[in-house]
There are 2 protein chains.
Amino acid sequence: MSRNLKFVLDSRPADKVSPQNFRLVEEPIPTPGPGQIVVRHHYLSLDPYMRGRISDAKSYAAPQPLGETMVGGTVGEIVASENARFKPGDFVVGMGGWQLYGLSDGRGVNVVDAKTVPLQAYLGPLGMPGVTAWWGLNKIIAPKAGETVLVTAATGAVGSVVGQLAKLAGAQAIGVAGGPEKCIYATETLGYDACVDHKSARFGEELKAAAGQGIDGVFENVGGELFLESLKRLNDFARIAVCGLIASYEGKPTALPNMAIFLVRRIKIEGFIVADHLPAWPQAVSELAGHVAAGRLRWRETVRQGLESAPQALVDLLHGGNFGKMLVKLV
Amino acid sequence: MSRNLKFVLDSRPADKVSPQNFRLVEEPIPTPGPGQIVVRHHYLSLDPYMRGRISDAKSYAAPQPLGETMVGGTVGEIVASENARFKPGDFVVGMGGWQLYGLSDGRGVNVVDAKTVPLQAYLGPLGMPGVTAWWGLNKIIAPKAGETVLVTAATGAVGSVVGQLAKLAGAQAIGVAGGPEKCIYATETLGYDACVDHKSARFGEELKAAAGQGIDGVFENVGGELFLESLKRLNDFARIAVCGLIASYEGKPTALPNMAIFLVRRIKIEGFIVADHLPAWPQAVSELAGHVAAGRLRWRETVRQGLESAPQALVDLLHGGNFGKMLVKLV
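Notes on the structure follow. Per chain, the residues get numbers from 1 upward, laid out in the order the sequence is written. The lettering of chains begins at A and the numbering of ligands begins at 1, in the order of writing. Side-chain atom pairs in this predicted model are given and counted only at pLDDT of 80 or more, local residue features only at pLDDT of at least 70, and totals for whole chains, interfaces and linings cover all residues.

In this section: the overall build of chain A. Counting its regular elements, chain A contains 10 helices and 15 strands. Rg of the C-alpha trace for chain A: 20 Å, near the compact-globule value of 20 Å for 331 residues, within the 12% margin. With the C-alpha coordinates of chain A rotated into their principal frame, the extents come out at 60 × 45 × 35 Å. Looking at chain A residue by residue over its 331 residues, the buried ones come to 49%. Throughout, a pair of residues is in contact if the C-beta atoms placed from their backbones lie within 7 Å. When contacts within chain A are restricted to residue pairs at least 6 apart in sequence, long-range pairs at least 24 apart make up 66% of them. Helix and strand assignments come from DSSP, with helices taken as H or I runs of at least 4 residues and strands as E runs of at least 2, each series counted from the N terminus. In this setup the radius of gyration rests on C-alpha atoms only. A globule is expected at 2.2 Å times the number of residues raised to 0.38. Three exposure classes are used, based on other C-beta atoms lying within 10 Å of a residue's own C-beta, which is placed from the backbone: buried for 20 or more, exposed for 12 or fewer, and partly exposed in between.

So, in structure tokens, the structure goes:
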């Protein structure tokens, strides 16, 4: 491969995103100018937030510009450096985008240790998804030992970390996931006390049975109709961390039909974006790395092969077609 | 008056509460047994929470039982005591109920200083409404200097304290109240920077104009359709303290049509009941009393005369017919 390949956003979808919204562009591998680096990407991370960027609706971040390289987290190896912070052979994590080679001035790029953990873990439990899980659980839900925490998208990149951290905090963890295979993985490998299949026609009853003592914390990644079922099971003083509403990104908005529950049960609900909390990252990553090193934190990946697979992989991610962290392997 | 008069709840309304739901009962003035006191009530407090108690829907407190004396806060004077904590002539605040004389064992009854402030202030700025304002503003909204706080029912018993405390904290305070008279009082006497009349057909535009820098905190006493207008004006990281939803107590539920705002703007919303926070009362009352003594806290009362006026006064309160704290004078 002597050329760079990249995907740019070619059009915005009217309804659901499709591979046709992206355009593959070939260009020369960049050469670093003064202060710049070139990274050969090993993995590209696909994450639900990308759906928001593809839209031009007002949100917390500016929309992805048309005709420019799609935004995305990457891990890779420095292949050329005119920046004293980096040398060829260093492994780094950054926001390199949907491309084989990334050129940057090094801002937001960090050297990582790829000897003790797989490089792509810095896109998962030791990266943005892991820190997201850590912040929402510890800073918003703050579970006490013996409390019950519900985690939707329980086996996903974020949810799988939330469930395991909740257990380490002495809480009960109940997962919600799509299909029996994910639910078995949730309880047998991730250590959830129970997992409810959201594809079940009896979801409401099954959630009620699983959450016999009621729910004290909800880590919400999904939203939609099922979220209303979880509200019925809340205990007084429950805390809801709203991390994502993936069911609504290409579907109906998630509505709350009656705010009286906030008063009757004294509920707190708080939305958050991990990028707002950069000062907390070192502590979070340090704790997460400790758990990984001690074998207390497990995770799983869905790895698609080759940059060309990225558009369809994102579409699949948005509809639950991943099992754990969705990655595209580029080398 | 040599007999006690009291109102009991006679029936639960199917829809809106009416005076016919209450029944007046005459009985002998009670005589205290060992450890008991008898209080001659001077004022009865009428508060929105009573609407919830009259219903038998599940809530944070048990419903008001049929045939028993209606619950309510009272201030009065000890007229007979077999309890060492109280002596005749002491002025006290407690939950004496809708009656002229209250018999109790003294639990939840506290002696107050009625020399420096009017006795009924212990049902207003130095009582439950004041502490409610203090908790929601300081513990949930926690305004920083220069931020903007929106207060609905801005001239009511709770809202009037919230607005003034927000100003003392260096924030901008914007009120929402019903009608020009209340709005003028809000800005000219209570010190709100602006007040928007919720009866105006142009409410949304007027709120937008008043909240030119956006809203960082909402102290919500009302709910309903107008609440959705305030959501449109929220800044990132806004905090919403849900204290009451009086517009929904006898009307349609207050719904949130789209939870995406929690994510896009990283909003926190939290419901609270001041009775959950008894340990904070001494600090709150001490701070509020300091403001009252220094003339920094103003309030206003709607006083109805005689116990017989209580049922209609509650109905009026639920529909905005009060101007400031709703009280019934009993002596």
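Taken together, the contact between chain A and chain B spans 26 residues of the former and 26 residues of the latter. At the level of elements, helix 8 (260-264) and strand 13 (268-271) of chain A are the ones that each hand at least two residues to the side of chain A that touches chain B. Split into classes, the residues belonging to the side of chain A that touches chain B amount to 16 nonpolar, six polar and four charged. By this definition, two strands are paired if DSSP reports at least two bridges between them. The pairing of strand 13 of chain A with strand 13 (residues 268-271) of chain B spans three bridges and is classified as antiparallel. Paired with Lys268(A) across the strands is Glu270(B), a residue of strand 13 of chain B. By the convention adopted, Pro, Cys, Tyr, Trp, Phe, Met, Ile, Leu, Val and Ala count as nonpolar, Lys, Arg, Asp and Glu as charged, and the other residues, Gly among them, as polar.

What follows deals with the sheet that holds strand 13 of chain B. With mixed pairing, 12 strands are arranged side by side in an open sheet as 10(A)-9(A)-8(A)-11(A)-12(A)-13(A)-13(B)-12(B)-11(B)-8(B)-9(B)-10(B). The sheet is open, and its two borders are formed by strand 10 (194-197) of chain A together with strand 10 (194-197) of chain B, each paired with just one other strand. Going across the sheet, the axis of each strand differs from the next one's by a mean of 15 degrees, ignoring polarity. Taken together, the three bridges between strand 8 (residues 148-152) of chain A and strand 11 (residues 215-220) of chain A define a ladder with parallel strand orientation. Paired with Val149(A) across the strands is Gly217(A), a residue of strand 11 of chain A. A fitted line through C-alpha atoms represents every axis, and for helices the fit uses only the stretch in contact; the resulting angles, taken between N-to-C directions, go from 0 to 180 degrees.

Here the focus is the relation of the copies chain A and chain B. Least-squares fitting of chain A to chain B yields an RMSD of 0.0 Å, with the transformation described by 0.0 Å of translation along the axis and a rotation of 180 degrees. The transformation just described matches what one would write down for a two-fold rotation axis. Overlaid copies result from least-squares superposition on C-alpha atoms, with residues included only where pLDDT is at least 70 in both.

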